[in-house]
Structure formats: structure tokens, C-alpha cells
Number of protein chains: 2
Amino acid sequence: MAGMSVAVIGATGAVGSEMLKVLEQRSFPLENVRALATSRSAGQTLIYKGRKVLIEDIEKADLRGVHFALFAGGEIASSVHVPRAVEAGAVAIDNSSTFRMNPDVPLVVPEVNPEALRAHKGIIANPNCSTIQMVVVLKPIHDAAGIERVVVSTYQSVSGGGREAMEELLSQSRDVLDGKEVEPKIMPKRIAFNIFPHIADFGENGYTGEETKMILETQKIMGDDSIRVTATTARVPVLIGHSESVNIQTRKKITAARAREILSHAPGICVQDDPKTKSYPTPVEAAGRDEVFVGRIREDLSHPLGLELWIVSDNLRKGAALNAVQIAETMLKMGLVK
Amino acid sequence: MAGMSVAVIGATGAVGSEMLKVLEQRSFPLENVRALATSRSAGQTLIYKGRKVLIEDIEKADLRGVHFALFAGGEIASSVHVPRAVEAGAVAIDNSSTFRMNPDVPLVVPEVNPEALRAHKGIIANPNCSTIQMVVVLKPIHDAAGIERVVVSTYQSVSGGGREAMEELLSQSRDVLDGKEVEPKIMPKRIAFNIFPHIADFGENGYTGEETKMILETQKIMGDDSIRVTATTARVPVLIGHSESVNIQTRKKITAARAREILSHAPGICVQDDPKTKSYPTPVEAAGRDEVFVGRIREDLSHPLGLELWIVSDNLRKGAALNAVQIAETMLKMGLVK
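Residues numbered from 1 in each chain as written. Chains lettered and ligands numbered in written order. Predicted model: local features only at pLDDT ≥ 70, side-chain atom pairs only at ≥ 80, totals over all residues.

A few points about the overall build of chain A
1) Next: When helices and strands are counted, chain A shows eight helices and 13 strands.
2) Next: Across its three principal directions, the C-alpha atoms of chain A cover 60 × 55 × 45 Å.
3) Next: Looking at chain A as a whole, 58% of its 338 residues are labelled buried.
4) Next: The long-range share in chain A, meaning contacts at least 24 apart out of those at least 6 apart in sequence, stands at 66%. (Helix = DSSP H or I, 4+ residues; strand = E, 2+ residues; numbered from the N terminus. Buried ≥ 20, exposed ≤ 12 C-beta atoms within 10 Å, placed from the backbone. Contact = placed C-beta atoms within 7 Å.)

As C-alpha cells, this is what we get:
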């Protein structure tokens, strides 16, 4: 199992550079790491475990010999180069939405549906960040009580929009503090000291692309189309870490105490739920951490089978880079890649 | 009807100074305005319509001759001085939560339940900011289709916590941008580039005071205890303007188009709902405005009787100062104060 060659595509972006950081931090059996990007960054170097790594041009790179190709270069790069990576013999783990709803492509969160990996045909899709952290928490509750319906409102950080969106929040914030006028560039509206309910394009039914992903991806990952989901996704002036206010309705009654107990033994979850000591998750505290944090667990006063949850996670790590690396680790453990 | 004497208690605070601004801007039949505060500010002056007004010490002030006493000095000031104002013959319109759930005290949003004013005994309670903007939108829908259940998640600006909370957001933001460590002072956690689901104290059932207010006040203002409400309230790094993601379930089916039409003719509401032209409400755009803005009106894909709404309003104006002045105006119009 030693001697894996891993390529990161989009290595200079917010998610790609986090993938390299995650690979460094975990005991992944790595022999060789390759960093790929567009011609704009090609020829430059980045540092991995103290050594310089040359950034290769994805257009020209020969991908033979790569075991895992981790894609974080966006939809266009994925649609062009994922098939090339598979053709060259790699397993492509793709962070874009390109292949997520393709019935031939497993959409995987290792804590939730690792078995879906067995049917892979070379491509594994990494789910949307806001979906990943939610399903990690929903799964143990679904197993215990059955989830009937989910009403979620998100508070999503700008890093979900990439490095340029992070820079826009910082520079706009400084300008507002200095009393200057600000104009949105990357993001659809001003984000400094503001909020907007607009992530990805709007569909005919009024839902945004991000909201539609949360609905469809949740059903696919949970393997249960009968789970009804509605979502409102909003961008907030936070750099890293998505927060979610999640209202669920279960099939069987589950108390807050029982939910807390189940979640505290579930994989990948850290329960922070002692409000009297100010223990509840916040994005600043979750940033840089691997766990999905959950708190504010309450029985819903408006419904006998309702439960309220507050879920926070680092969207670049569990919501993207870490989940992709965990997929590779799980495939190795299951003997799906040798 | 001319010659009203109005006193603003807590005149130097975020809401009190907004009350004076609202009185200046509207054609309120005002003969005399008095500004009151604690002994800390007493003796100083503030400017009202270009003239200096001496700030009086509320402890020592003689309130006889005042028609309307607008209270924005917090719970302690209200519990002590509201009875004094009523004793002196004034109608007290109180922005604190002290008297809101008292069955002898009308809790009023003029667009929703003006008739409740007729039963007043000297005190009118001004509802919680996050409740006011929600019920202005819920009422016309309730009249048309009956509201069964409300699941709301809020994105509340720091001005709800007063002027010091606004200063804390600004100074913390500057410190974070300058790479300095920050420590929360007024607010329970860091708010710069962060979010926390903690507004007011936690109750035994896990709901915060703010969440409980949204439940109980909504039922009282709407005059219908059968409306089931659950709420998660979060503080966000925004200066002015509360945003709310509101999921409702109606008794009769109402389409998004019909809801949009009803709301566009309802009092106090501005529908901003053309997502393809980026028309949806945001707090920065709502700040300084009088209307309650609503957008993202969608039929809920998870429930046949569900509707999604995104509601934003200036919490200092419609959520506090403006609503209080509108209560006074409505009482004059109804002949309840002469």
C-alpha cells in the first residue's frame, strides 16, 4: 500500500492548497505528490513537507502513474481533465459539481456512505461543502429515528467562493472601516458587514444552485430519496467555516438528550452543546479543525417530532480537502486501489 | 391634536437616538421634545431639528405634561420609570421586554394589530426587533391562507445589542485585519468575521431569550396561539439590519406568485424579489429605510403547503424606533390620546 502517487489539480487555489496541507498532516502513504494548475501558475513552485514542488501545467501534464488525482480546479477544469486522469489510470476525486449527480459516479462522505465507493468507475465526486457537514450529522440521527424532512438555513463563509472572494471580504472590510465606498467585484453584492442569500445561479423554481445541491446531494449521499429537504443559503462576512441552522423532523420521536448521546459517539463529530458555559460551535473556532461541530441541540417547540441543530465546520477541510483525502484513504482501506 | 409633548428615555442610546431621528423625519404633531437618560449623560445636550435639547436625568425628571414617553433605556430603566410615566399621565411606549407578555399590556405592530391599542392601560409594549419585521410579513399571508407553523433562522446585526456592541464589531474588525488577537467584551464571543447562535440567556429548554420572544410575541401580536413557531437566532457581523430566513407552512395552499402579489399590496412592505436582476433584500441596503423588505419568495420543495421567505429590515427603525413612533401616531389617529 506504500508508494501512492497523488496529484492535486488546482494546487494554488483555496481548496487545492488545503488538500496539500491535509496530505502533509495525515499519515497518508504518499510516495510522490504532484501539483498541477493552469499555465498561469505553471513553472512556479510550492513547498510540500519542506521540499520545493514544481507546479505543472495541467494541459500538458502526463498523468500516467498517478493513483489519485484530486481535482480542485473548478467545473471547467474537471470536465476537461477528469476524463484524462481516469484514462491515464488514476482514480479522480473531484471537488467540482460536474459529476455529482451522475448515476455512475459515487458521491461520498466516508462517515456516511463508504460502501458507495465499491461501484466506482474511476471517478468519485466530493460533495458540496454545505452538504457534507450536514449529512455527517444527519446520518446517525437517520439511523436512529429516520429523517422525514430537513429545513436548513446556511451562514456560509466567503472561502467557499475561493481565494479571490476571501481577498474581497478583507479589502472591502478595510475600505468600509476607512469610510470608503465599496463595489462588489467577485461576489454579487457587497459582503463586508453585509449578508446576501445568493450562492450560485437562480433556477426557475427560485432556488439557487447551492440550495438545489443541498437537496439533491443529501438524498443521494443518504441513499434515500424520501428525505424531503429545503434550503436557504446565504453568504456571510466570515473567512472560513460554514454555519447551518438545521431543523429536522424525524419519523420516530428522538429526545435532545438521546440525539446528543448518539452524536457524541458518531464518527467525525464533536458535540459542543453546553450553552450555559458558552459551548456551541462558531466558525472562527471551527476553522482549521477536522471535525464537524454540532450544538444548540433542542427539541423543536413547534413540532412533536422536530429537532433543532446548529452545525459548523471548516468548509475548506471537511467541506472539501479533508473529505477528498478521506475518500482516498477509505478506498485504500477497502482495497479498492492498490 | 397639535401640541404633543414627547419624552425619549434612553435618548443617547442606539434606539433612543434613532427615535429622535424618526420624530424629526416624520410629520409628528410635536410641540415639545424632551430627552432623558441616566445621570451619566444628564446635563449634556443633543441637537433636535437644529436646536439644542438638554438631556435630563430620568431619576429626577418631572414627567407631568408628557403625552408619550418613549422608553429605550433597557429593562431596568423601564421597570422603574415606566410606572412613573404612567402615574404622571403619559402613555408609555416601551421598547424593553419588561411588559411585553403582560396580558394587560398591548403588544403592537401598527400594520398587524392596531385594534389591540384600544384596551391599553397606559403602557404599550413595542415588540422585539426580530419579531416585528417577521409579523409584518406573516400577517397578510395569515389572512389569506392561515399560518400553521413557522421555522425561522435569523441573521441579526450587532446594533440589536446597542451602541457598545456596534463599537465592538468595528474595533474587533480592525484588530483582526491588523493581525491582532481580539477578546470579546460586550458580546459573548468574538463577532468580527464570526457568527454565534447566542442572543440573550439560555432557558431550560435550550432556547435563548431571543428565540422565546420570537415564539411568544408572534402568537400574541397575531392574536393566534395556534401558530406554532420555532426559532434559531444568531448574531452576525453586520452593523444595522436583521435578516431572517423564514419557512412557513400554511393551512391553505398559497403559490409564490400569489404571496408576492399579496405582499406587494400590504402596508409597510417592499417586495424585492427578482433574483435574476439581483433583487433580494440585504441589510446594508435596508439600513436607514422604513420598510420591511421581503424576497426569495419560493414554494417549498419539501412541503406542499410550505413557503420560503427572506425578510430584512432596519432593526433600529422598524424593529424599534419607527414602530414606537408609529404606535403613537396610530393612537392619535384612533383618538386614544388627545
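Now that the structure is up, let's keep going.
Description of the interface of chain B and chain A
1) Next: The interface is formed by 51 residues belonging to chain B together with 51 residues belonging to chain A.
2) Next: Among the secondary structure elements, those contributing two or more residues to the side of chain B that touches chain A are strand S8 (147-156), helix H4 (163-177), strand S9 (228-235), strand S10 (242-250), helix H7 (283-286), strand S12 (292-299) and strand S13 (306-313) of chain B.
3) Next: Class assignment for the residues of the side of chain B that touches chain A results in 25 nonpolar, 15 polar and eleven charged. (Nonpolar A, V, L, I, M, F, W, Y, C, P; charged D, E, K, R; others polar.)

What about the relation of the copies chain B and chain A?
1) Next: Of the two same-sequence chains, chain B is brought onto chain A (RMSD 0.0 Å, axial shift 0.0 Å) by a rotation of 180 degrees. A rotation of that kind, with that shift, is consistent with a two-fold axis.
2) Next: Here 100% of the interface residues in chain B have copies in chain A that are interface residues too; the copies meet face to matching face. (Least-squares fit on C-alpha atoms with pLDDT ≥ 70 in both.)

Things to note about the sheet that holds S12(B)
Residues and elements named next belong to chain B.
1) Next: The six strands lie next to each other as S9-S8-S10-S13-S12-S11, forming an open sheet whose pairing is mixed. The strands lining the two open edges of the sheet, one partner per strand, are S9 and strand S11 (269-271). When strand polarity is set aside, the average angle formed by the axes of neighbouring strands in this sheet is 20 degrees.
2) Next: Summarising the sheet, S10 and S13 pair through eight bridges and their orientation is antiparallel. When the sheet's bridge partners are listed, Glu 244 is paired in S13 with Ile 311.
3) Next: Helix H3 (residues 129-145) contacts S8, S9, S10, S11, S12 and S13 of the sheet and is inclined by roughly 25 degrees relative to S10. (Pairing = 2+ DSSP bridges. Axes fitted to C-alpha atoms, helices over the stretch in contact; angles between N-to-C directions.)

Structural notes on the environment of Arg100(B)
All names here are of chain B.
1) Next: Tracing the backbone through its elements, the reader meets Arg 100 in the loop between strand S6 (91-94) and strand S7 (123-125).
2) Next: Looking at Arg 100, the number of C-beta atoms within 10 Å reads 21, which means it is buried.
3) Next: Distance from Arg 100 to Pro 127, taken between C-alpha atoms, is 6.9 Å for residues 27 residues apart in sequence.
4) Next: Residues contacting Arg 100, with those up to four places away along its chain left out, are Leu 107, Ala 125, Pro 127 and Glu 217.

Things to note about the packing of H3(B) against helix H6 (residues 256-264) of chain B
All names here are of chain B.
1) Next: Between H3 and H6, the shortest axis-to-axis distance is 10 Å and the interhelical angle comes to 120 degrees. If you check the angle between H3 and H6, you find them oblique. Crossing hand, H3 versus H6: right-handed. Every residue of H6 that contacts H3 at Val 137, Pro 140, Ile 141 and Ala 144 is listed here: Ala 259, Ile 262 and Leu 263. (Parallel < 35°, antiparallel > 145°, perpendicular 65-115°, else oblique. Left-handed = near helix turned anticlockwise from the far one by under 90°.)

Describing the nonpolar core
Generally speaking, a soluble globular protein has its nonpolar side chains buried in company with each other.
1) Next: Ranked by internal contacts, the top residues of the largest apolar core, which has 209 residues, are Leu70(A) and Leu70(B).
2) Next: In contact with Leu70(A), other than residues within four places in its own chain, are Val6(A), Ala7(A), Val8(A), Ile9(A), Met19(A), Ile93(A) and Ala324(A). (Core = buried A, V, L, I, M, F, W, Y, C linked by C-beta atoms within 7 Å.)

Topic: the packing of helix H1 (residues 14-25) of chain B against helix H8 (residues 317-333) of chain B
Residue and element names in this part refer to chain B.
1) Next: Contact pair H1 / H8: the axes reach a minimum separation of 9 Å and the direction vectors enclose 50 degrees. Taken as axis vectors, H1 and H8 run oblique relative to one another. When you trace H1 past H8, the crossing you get is right-handed. Contacts between H1 and H8 involve Val 15, Glu 18, Met 19, Val 22 and Leu 23 from the first element and Arg 317, Ala 320, Ala 321, Leu 322, Ala 324 and Val 325 from the second.

A look at H8(B)
All names here are of chain B.
1) Next: Taking 1.5 Å as the rise per residue, H8 with 17 residues should run 24 Å; its terminal C-alpha atoms sit only 21 Å apart, a clear shortfall.
2) Next: Its maximal kink placed at Asn 323, H8 deviates by approximately 45 degrees.
3) Next: Where H8 terminates, the next one or two residues include Gly 335, which has phi positive at roughly 75 degrees. (Expected span 1.5 Å × (residues − 1). Bend = angle between axes of the 7 residues up to and from the residue.)

Overview of the pairing of strand S4 (residues 51-57) of chain B
Residues and elements named next belong to chain B.
1) Next: Strand direction decides the pairing type here: strand S2 (residues 30-37) and S4, joined by three bridges, are parallel. Within the sheet, the bridge partner assigned to Ala 35 lies in S4 and is Ile 55.
2) Next: Alignment of strand S3 (residues 45-48) against S4, held across four bridges, turns out to be antiparallel. Pairing of Ile 47 across the sheet is with Lys 52, part of S4.
3) Next: Between S3 and S4, which pair antiparallel one after the other, the connecting turn spans two residues, and Lys 49 there sits at a positive phi close to 50 degrees.

Things to note about the sheet that holds S6(B)
Residues and elements named next belong to chain B.
1) Next: Strand order in the open sheet formed by seven strands is S3-S4-S2-S1-S5-S6-S7, and the pairing between neighbours is mixed. A strand with exactly one partner marks an edge of an open sheet, and here the two such strands are S3 and S7. Strand-to-strand twist across the sheet, computed as the mean angle between neighbouring axes with direction ignored, equals 25 degrees.
2) Next: Against the sheet, H1 contacts strand S1 (4-9), S2, S3 and strand S5 (68-71), and its axis sits at roughly 155 degrees relative to S1.
3) Next: Each of S5, S6 and S7 touches H8; the most contacted strand, S6, lies at about 150 degrees to it.

So, the environment of Ala256(B)
1) Next: Along the chain, Ala256(B) turns up in helix H6.
2) Next: Linking Ala256(B) and Leu307(B), residues 51 residues apart in sequence, is a C-alpha distance of 7.2 Å.
3) Next: Setting aside anything within four residues of it in sequence, one finds Ala256(B) in contact with Gly206(A), Ile297(B), Arg298(B), Glu299(B) and Leu307(B).

Points about the domain arrangement of chain A
Residues and elements named next belong to chain A.
1) Next: Here chain A is described as being made up of domain 1 (4-127 + 320-333) and domain 2 (131-314).
2) Next: Contacts between the two partners involve 13 residues from domain 1, matched on the other side by 19 residues from domain 2.
3) Next: Here the residues of the side of domain 1 that touches domain 2 sort into seven nonpolar, four polar and two charged. (Domains from an automatic or database assignment.)

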